[in-house]
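# A structural walkthrough
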Amino acid sequence: MGRADVEAVWRIESARIVAALAQFTGDFGLAEDAAQEAVAEALVSWPRACPANPAGWLMATGRRRAIDAIRRRAALQDRYALLAAGPAVDEEIDPDKIDDDVLALMFISCHPVLSPEARVALTLRVVGGLSSEEIARAFLVPVPTVQARITRGKKTIAAAGVPFELPAAGERRERLGGVLSVLYVIFTEGSTATSGDRLLRPDVAYEAIRLARTLAALQPDEPEVHGLLALCELTAARFPARTGPDGSPILLEHQDRRRWDFSAIRRGLAALAKASTRGLGPYGLQAAIAAAHASAPSLEATDWDRIVLLYEALGRVAPSPVVELNRAVAVAMASGPAQALAMVDELIALDRLPGSHLVPTVRGELLARLGRRPEARAELELAARLCANQRERSVLLRKAAALG
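Residues numbered from 1 in each chain as written. Predicted model: local features only at pLDDT ≥ 70, side-chain atom pairs only at ≥ 80, totals over all residues. Heavy atoms only, no water.

### Notes on helix H8 (residues 143-159)
- The first and last C-alpha atoms of H8 sit 24 Å apart over 17 residues, in line with the 24 Å expected at 1.5 Å per residue.
- The complete set of buried residues in H8 reads Val 146, Ile 150, Gly 153, Lys 154 and Ile 157. Along the long axis of H8, the arc covered by the buried residues comes to 90 degrees, so they all point the same way. Turned more than 90 degrees away from the buried face of H8 sit Pro 144, Arg 152, Lys 155, Ala 158 and Ala 159, all of them exposed.
- Directly beyond the C-terminal end of H8, a positive phi value near 65 degrees is found at Gly 161. (Helix = DSSP H or I, 4+ residues; strand = E, 2+ residues; numbered from the N terminus. Expected span 1.5 Å × (residues − 1). Buried < 20%, exposed > 50% of the residue type's maximum accessible area, 1.4 Å probe, protein only. Arc of directions from axis to C-beta.)

### As for the side chain of Arg 175
- Its place among the elements puts Arg 175 in helix H9 (residues 169-191).
- According to the relative accessible area criterion, Arg 175 is buried, its value standing at 14%.

### Brief notes about the pattern of salt bridges
- Taken as a whole, this structure holds 22 salt bridges when the rule is applied.
- Among the ionic pairs, Asp 256 bridges to Arg 258, the shortest N-O distance being 3.0 Å.
- Given the relative accessible area of 30%, Asp 256 is considered partly exposed.
- A salt bridge links Lys 399 to Glu 365; the nearest nitrogen and oxygen atoms lie 2.1 Å apart. Here Lys 399, found in helix H20 (residues 390-402), pairs with Glu 365, found in helix H18 (residues 358-369); they are 34 residues apart in sequence, far enough to count as distant.
- Look at the salt bridges and you will find they share partners, linking Glu 32, Asp 33, Arg 125 and Lys 154 into a network. (Salt bridge = Lys/Arg side-chain N within 4 Å of Asp/Glu carboxyl O.)

### Some remarks on the packing of helix H6 (residues 116-127) against H8
- Remark: H6 packs on H8, axes separated minimally by 9 Å, with the N-to-C direction vectors making an angle of 100 degrees. By the angle class used here, H6 and H8 are roughly perpendicular. Contacts between H6 and H8 involve Glu 117, Ala 118, Ala 121, Leu 122 and Arg 125 from the former and Arg 149, Ile 150, Gly 153, Lys 154 and Ile 157 from the latter.
- Broken down by class, the residue content of the contact of H6 with H8 amounts to five nonpolar, one polar and four charged. (Axes fitted to C-alpha atoms, helices over the stretch in contact; angles between N-to-C directions. Parallel < 35°, antiparallel > 145°, perpendicular 65-115°, else oblique. Contact = heavy atoms within 4.5 Å. Nonpolar A, V, L, I, M, F, W, Y, C, P; charged D, E, K, R; others polar.)

### Considerations on the UniProt feature "domain: RNA polymerase sigma factor 70 region 4 type" (unreviewed entry) in the protein
- UniProt feature "domain: RNA polymerase sigma factor 70 region 4 type" (unreviewed entry): in the numbering of this structure it lies at residues 107-156.
- Strand forms 0% of residues 107-156 and helix 74%; the C-alpha atoms that close the span are 14 Å apart. (UniProt positions renumbered as here; feature names shortened; annotations may be inferred.)

### Details of the nonpolar core
- Residues Leu 58, Leu 105, Phe 187 and Leu 215 are the most contacted members of the largest nonpolar core, which totals 121 residues.
- The element that contributes the greatest number of residues to this core is helix H1 (residues 3-25), accounting for ten residues.
- Once you skip the residues sitting within four places of it in the chain, Leu 215 turns out to touch Leu 103, Met 106, Leu 176, Val 179, Leu 180, Leu 183 and Val 225. (Core = buried A, V, L, I, M, F, W, Y, C linked by side-chain atoms within 4.5 Å.)

### Here's the deal with the layout of surface pockets
- Counted as a void, the second largest pocket has a volume near 350 Å³.
- If you trace the second largest pocket, you find 16 residues lining it, with Arg 3, Glu 7, Trp 10, Gln 36 and Ser 131 closest to the centre.
- Secondary-structure elements contributing two or more residues to the lining of the second largest pocket are H1, helix H2 (28-45) and helix H7 (132-139).
- When residues of the lining of the second largest pocket are assigned to their parent elements, the largest contribution, five residues, is made by H1.
- Considered class by class, the residues forming the lining of the second largest pocket number five nonpolar, five polar and six charged. (1 Å grid on protein atoms, 1.4 Å probe; cavity = no way out; pocket = protein on both sides within 12 Å on 5 of 7 lines; lining within 4 Å. Points joined across faces, edges and corners; volume = space filled by probe spheres on them.)

Put into structure tokens, the structure is as follows:
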């Protein structure tokens, strides 16, 4: 069994292993460190002799490493004695506890005491099983930066005395939004990279979907969990048609809709139905917008009036300048560019999205549709200067050049 096999087992089982070790030790940071030591040992020993139960081997080895670490801590000798007298290392972890432990792991990784960057890094590391190198590659930051975020995150959790336990039902509902926002950040970075030379990072987006599916299975009665899952599935369904063979972006109006992933659309619509049981929240409304796009046979046949209404509803429950900008785009499709341009100009007057390339991008498109070509070109050139993603920038520059 080679490195790729070890990594595959780790990716599948990491959340269960770290969660069980954290429950066993009561120490989140120690659990993650012990699990990583077990993986390092597996990389050395498995090529010589592959265990019959790789996941069980990692669990037992991680538990031994945790006990060794506790034993080395002179101040925790009593704790070690308690642990050492506990279940034998070969004994199975209670299978009925695993799901709750994984859910607790999610809530700890997304704990409010952590910075947003640490929440993302810890969630991908300890729940998703990604290495520091993979996280750094996904977010285009140096590996030491990711490692520092993870280390600081674990120290912050320890210093705050965060217990390894599932929050009480009332607190869990309050903190669920924080967990969902972390998964949303991970997915959106994968679906449209903020910088770099790739428009899509599908591996990052699909990891977010995997985590959202896990959360939906563990919290089946929370509509917004299904709403986020629906949004991710329906958005990812368009991935196969969003880029050409060379990685260049293909805009919605030019996409070959036959290349969309219809299995993902079906999964997304099923999740949206579950999200609709008690009225749609912010993620459910965004999913409903994605569903309107996914269900349309063409750009012209899209129900733009419904999308405008959905954006209006979204603006009431989760107001933001990005929602208003997207509503303006939908209004332009439903009612024409003049009304939409007035909405965008109001956003500019209020300085709602300073420094964003999105505002001049939309304004340039609207001006072009109104025949105001020189102004449109200037806006698109400004958008290109502000855009950090090289693929998006190239599209903006081509559009600007076409306006002469």
